[in-house]
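Structure at a glance
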Amino acid sequence: ITHSNPVVAWYGARGLFAGGGYPNSNVIDYITIASSGNATDFGDLTVARDPAVAGASNGTRAIFAGGRVDGSPFRSNVIDYVTTATTGNATDFGDCTTTLGYHHAVSNGVLALILGGDAAATLSRTVQYVTIETTGNATAFSSTVTQGTVEGCGCSDGTYSVSHAGKYYNASDLLQSASNILYYMTIATSGDTTDFGDLTYTDSTGQYNTAATSDTTRGLFCGGQRTTGANSIHYVTIRTTGNSTDFGDLTQNTRDHAAVSDATYAVFGGNSTGTSNVMSSVTIQTTGNASDFGDLTSGRYDLAAASGSAS
């Protein structure tokens, strides 16, 4: 990978956690990422939904895309947005190109890419995007993800995104296995994703339902649904392809969670183990175990997260 100075506007001082289950939630919480403490109510999504609503930001506006509506088996194509510095309910942004669940999103501060996911029984290998500052429907890139993936996650340094594949499917859309594959792409272009390396904290059958966030150089991947590594945090240097390296441990075994960053600290929130409201945090450039941060306003999982300005 070559590297240029990234746009660094996809994060901010305020972290938002939105949606999730069960039951399906329309709640948006917010925190100040640099100051531990309990979350505060921000407002509501336009529609309560999970699973795995995807969040991304340009530093002033956060979008939340897709998910399952009202406990039904059907996915949503809804994209909402909020202004991160102004509490209040979300506003309709536009629609994804297809209904989606179990997908993820990354941003370079201008574009938000929405990758992978499924539409109930149909796999999506599509990479679609929106310009975060301009409301409207998503557009499909000509690119596709390396494998059809669900229940993965991703992060960005402002130029490149690195994603964990989660579960992968074969060409017949039959679920095969959890995955340890990491892949990357240049966010501003429509090229296909490329192999980055492996997420090495997984057991031999891989990992899924992980969470990721980053600063401008380092990406963190943590937790997930497997017997090995359910509390593990690993990191990669986004500009350097290769396998992940041990960072430390979360405060508890965690899956179906989400993460935010202010480019110094990372905060992880939510957990499907007992629908936990626990949040934990680390300093991104300092390896070590996570510390307790505080609590979400309600316990939930399969939620979205994004960060942005608080003023």
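Before going into details, it helps to say that this report is about the structure given with it. (Residues numbered from 1 in each chain as written. Predicted model: local features only at pLDDT ≥ 70, side-chain atom pairs only at ≥ 80, totals over all residues. Heavy atoms only, no water.)

1. Here's the deal with unusual backbone geometry
With a phi angle near 60°, Y102 is a residue other than glycine that sits in the positive phi range. The residue Y102 is located in the loop between strand 9 (91–100) and strand 10 (104–107) in this model. Taking the relative accessible area as the measure of exposure, Y102 reaches 17% and is therefore buried. Non-glycine residue N209 carries a positive phi angle of around 60°. By the element assignment, N209 lies in the loop between strand 22 (194–198) and strand 23 (211–214). (Helix = DSSP H or I, 4+ residues; strand = E, 2+ residues; numbered from the N terminus. Buried < 20%, exposed > 50% of the residue type's maximum accessible area, 1.4 Å probe, protein only.)

2. Concerning the packing of aromatic side chains
According to the stated counting rule, one finds 6 aromatic pairs in the structure shown. Between the aromatic rings of Y30 and F42, the centroid separation amounts to 6.0 Å while the plane-to-plane angle is 80°, which identifies the pairing as edge-to-face. Taken together, the positions of Y30 in strand 2 (residues 27–32) and F42 in strand 3 (residues 40–44) put the pair 12 residues apart, joining distant regions of the chain. Under the relative-accessibility criterion, F42 is labelled buried at 3%. Seen in terms of ring centroids, Y184 and F196 are 6.1 Å apart; in terms of plane orientation they differ by 80°. Their pairing is edge-to-face. Linking Y184 in strand 21 (residues 181–186) with F196 in strand 22, this pair joins segments that are 12 residues apart in sequence. (Phe/Tyr/Trp six-rings, centres within 6.5 Å; stacked < 30°, edge-to-face > 60°.)

3. Some thoughts on the sheet that holds strand 2
Here we have 4 strands laid out as an open sheet, ordered 3-2-1-31, and antiparallel in their pairing. On the outer flanks of this sheet lie strand 3 and strand 31 (304–308), each paired with one strand and no other. Taking each pair of neighbouring strands and ignoring which way they run, the sheet shows an average axis angle of 25°. Pairing geometry for strand 1 (residues 14–18) and strand 2, over 5 bridges, is antiparallel. Following the sheet pairing, G15 is matched in strand 2 by I31. (Pairing = 2+ DSSP bridges. Axes fitted to C-alpha atoms, helices over the stretch in contact; angles between N-to-C directions.)

4. Quick notes on the environment of S311
Relative to the helices and strands, S311 resides in the segment after strand 31. Accessibility expressed as a relative area gives 82% for S311, which makes it exposed. Between the C-alpha atoms of S311 and G12, which are 299 residues apart in sequence, the distance is 9.9 Å.

5. What about the nonpolar core?
As a rule of thumb, soluble globular proteins bury nonpolar side chains together. Ranked by size, the top nonpolar core spans 15 residues in total, and within it I63, I79, F93, A112, I114 and V130 carry the most contacts. For this core, the elements supplying multiple residues, two or more each, are strand 5 (54–57), strand 6 (61–65), strand 8 (76–83), strand 9 and strand 11 (111–115). If one sorts the elements of this core by residue count, strand 9 sits on top with 3 residues. Contact partners of I63, with chain neighbours within four places excluded, come to A54, G55, A56, I79, D80, Y81, F93, A112, V130 and I132. (Core = buried A, V, L, I, M, F, W, Y, C linked by side-chain atoms within 4.5 Å. Contact = heavy atoms within 4.5 Å.)

6. Considerations on the side chain of R300
You can see R300 is positioned in the loop between strand 30 (291–295) and strand 31. On the basis of relative accessible area, R300 is assigned to the buried category, the value being 1%. Of note is the side chain of R300, whose polar atom sits 3.1 Å from the side chain of S298. (Polar contact = N/O pair within 3.5 Å; in protein donor to acceptor, adjacent residues only side chain to side chain.)

7. A closer look at the pairing of strand 11
The buried count for strand 11 comes to 5 of 5 residues, which makes it a mostly enclosed element. Side-chain alternation along strand 11 places L111, L113 and L115 on one buried face and A112 and I114 on a second face that is also buried. Sheet topology note: the strand 10/strand 11 ladder contains 4 bridges and is antiparallel. Within the sheet, the bridge partner assigned to A105 lies in strand 11 and is I114. Two successive antiparallel strands, strand 10 and strand 11, enclose a turn made up of 3 residues, where G109 displays a positive phi of approximately 95°. As judged from the 5 bridges shared by strand 11 and strand 14 (residues 126–131), these two strands associate in the antiparallel manner. Across the sheet, residue L111 finds its bridge partner in strand 14, namely T131.

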